[in-house]
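Topology and contacts: notes
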Amino acid sequence: MTKRAAWAILAVVILAAAGIVTALRLPGSGGPARFVATRPGQPAVSVAFDPRGTLLAGGDSNGHVYLWNIATGRQVANLATGGTDVNSVAFSPDGTMVAAGDKNGSAYLWNVASGKLAATLTDPGGGTSVNSVAFSPSGTLLATGDLDTSAYLWNLASHKLVATLTGPGNTETVNTVTFSPDGTMLAAADDIGSTYLWNVASGKLIATLPDPGGNQVNSVAFSPGGATLAVGDSENGTYLWDVNTRRITATLTQPDGAGVAAAVFSPNGEQVAVGDWIGQNTYVWNISTRQVIATLAGPGPYLVDDVAFSPDGKAVAVAAGNGTVYLWHVP
């Protein structure tokens, strides 16, 4: 049996187990290996794998976070925020907690094993939308980025706010936050085209990386080694910045000319998966050659809201505006 055939059979088994009846096709390398529906009719806004690659979290626009067992395709938890759009989801480094930020201005922490809500962190900006959540590599801090111009650092043991990081412009939405792999820096990006690098221990601003086109920045991601930062904007594509020199080393322009909704490195740092901001494609780029090695285009038009690489680097999850999270096998 070929590897592709094995993926196809596994996908059918998973879909049947999940109670999803649909046609599955594998149009060449990078075809959809399996896909899992979230709440019917609600766009899938965010997606994340747990550190072991056994669970997939999908957040929708109706205030729900779904946890799926990837091996069986079954839903194992339905975590309701009580709010609206779940803009961002993330697992803690040890996989015991899952966090979600919603449009109503709260970040929620759940225990993965029990499904019980452990804490609700209320946005200090007056209930403005929490656009992004990220755990520190040590699992001791949670960063949140909000509609009210700031990034916040929370102590996860006490659930107390320990730092407020506001950029020099302090007038624009923080769309995305992420920690460096060593946990010493936080990157936060905003609507007016600035990406800020903060020292986590001191709360001091280290550098400001301006978007060359002055466009809204929707996504930031550190490479596994922390030497490169991928910055995706709403117009021109993804810029790869050298973190030490603060210079752009490459520009990855989406083949369809669309802006970037999300960009994420593979675990080995050799690839970047980039989902369209307005469009239905996700492209997997080879960093060394600066070439697209896979185009992930789902069955039917949909907006790409978020993307995530599996911990083993063999699959990419795409959260789509049609209410589905697609899992793709990648070369």
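What counts as what
Residues numbered from 1 in each chain as written. Predicted model: local features only at pLDDT ≥ 70, side-chain atom pairs only at ≥ 80, totals over all residues. Heavy atoms only, no water. Pairing = 2+ DSSP bridges. Helix = DSSP H or I, 4+ residues; strand = E, 2+ residues; numbered from the N terminus. Axes fitted to C-alpha atoms, helices over the stretch in contact; angles between N-to-C directions. Buried < 20%, exposed > 50% of the residue type's maximum accessible area, 1.4 Å probe, protein only. Contact = heavy atoms within 4.5 Å. Phe/Tyr/Trp six-rings, centres within 6.5 Å; stacked < 30°, edge-to-face > 60°. Salt bridge = Lys/Arg side-chain N within 4 Å of Asp/Glu carboxyl O.

**Focus on the sheet that holds strand 4 (residues 64–69)**
- Strand order in this open sheet of four strands is 2-3-4-5, and the pairing throughout is antiparallel. In the strand order of this sheet, the two ends are held by strand 2 (44–49) and strand 5 (75–80), each with one partner. The mean angle between the axes of side-by-side strands here comes to 20°, regardless of whether they run parallel or antiparallel.
- In the sheet, strand 2 pairs with strand 3 (residues 55–60) via five bridges, with the strands oriented antiparallel. The partner of Phe49 across the bridge, within strand 3, is Leu56.

**Observations concerning the environment of Ala113**
- Residue placement: Ala113 occurs in the loop between strand 8 (106–111) and strand 9 (117–122).
- Here the alpha-carbon distance between Ala113 and Val76, two residues 37 residues apart in the chain, equals 9.7 Å.

**Side note on the environment of Arg52**
- Counting through the fold element by element, Arg52 comes out in the loop between strand 2 and strand 3.
- Residue classification places Arg52 among the exposed positions, given a relative accessible area of 69%.

**Quick word on the environment of Ser234**
- Take Ser234: it is sitting in the loop between strand 19 (228–233) and strand 20 (238–242).
- Judged by its relative accessible area of 9%, Ser234 falls in the buried class.
- Put simply, Ser234 and Val217 are 17 residues apart on the chain and 6.2 Å apart in space, counted from C-alpha to C-alpha.
- Excluding residues that lie within four positions of it along the chain, Ser234 makes contacts with Asn215, Gln216, Asn218, Gly259, Val260 and Trp277.

**Examining the packing of aromatic side chains**
- Within the structure shown, the criterion is met by two aromatic pairs.
- Taking 5.8 Å as the distance between ring centres and 25° as the angle between the ring planes, the aromatic pair formed by Tyr108 and Trp110 counts as stacked.
- What makes Trp110 buried here is its relative accessible area of 3%.
- With centroids separated by 6.3 Å and ring planes inclined at 50°, the aromatic side chains of Tyr196 and Trp198 adopt a geometry described as tilted.

**Some points on unusual backbone geometry**
- The phi angle at Arg246 is positive, at roughly 60°, despite the residue not being glycine.
- With respect to the helices and strands, the residue Arg246 is situated in the loop between strand 20 and strand 21 (247–252).
- Here the phi dihedral of Arg290 falls at roughly 60°; this positive angle occurs in a residue that is not glycine.
- Relative to the helices and strands, Arg290 is located in the loop between strand 24 (281–286) and strand 25 (291–297).
- Using a relative accessible area of 33% as the deciding quantity, one classes Arg290 as partly exposed.

**Section: the sheet that holds strand 7 (residues 97–102)**
- The sheet built from four strands is open, its strands ordered 6-7-8-9 with antiparallel pairing. A single partner strand is all that each edge strand has here, and the edge strands are strand 6 (86–91) and strand 9. With direction set aside, neighbouring strand axes in the sheet form an average angle of 15°.
- In this sheet, strand 8 lies alongside strand 7 in antiparallel orientation, the contact comprising five bridges. Across the sheet, residue Ala99 finds its bridge partner in strand 8, namely Leu109.

**A look at the pattern of salt bridges**
- Applying the stated rule across the entire model yields one salt bridge.
- Close ionic contact of Asp50 with Arg52 constitutes a salt bridge, the shortest N to O distance being 4.0 Å.
- A relative accessible area of 2% places Asp50 in the buried class.

**Digging into the pairing of strand 24**
- Burial runs high along strand 24: five of the six residues are buried.
- As paired elements, strand 23 (residues 271–276) and strand 24 share five bridges and run antiparallel to each other. Bridging from a neighbouring strand, Val274 pairs with Tyr283 of strand 24.
- Between strand 23 and strand 24, which pair antiparallel in sequence order, lie four residues; one of them, Gly279, sits at a positive phi of approximately 160°.
- Relative to strand 25, strand 24 runs antiparallel, the two sharing six bridges. Across the sheet, the residue bridging to Tyr283 is Thr295, located in strand 25.
- Here strand 24 folds back onto strand 25 in antiparallel fashion, the turn holding four residues, of which Arg290 has a positive phi close to 60°.

**Quick look at the side chain of Thr195**
- Structurally, Thr195 can be placed in strand 16 (residues 194–199).
- Given the relative accessible area of 1%, Thr195 is considered buried.
- With residues near it in sequence (within four places) discarded, Thr195 still touches Ala188, Ala189, Ala207, Thr208, Leu209, Val217, Val220, Leu229 and Val231.

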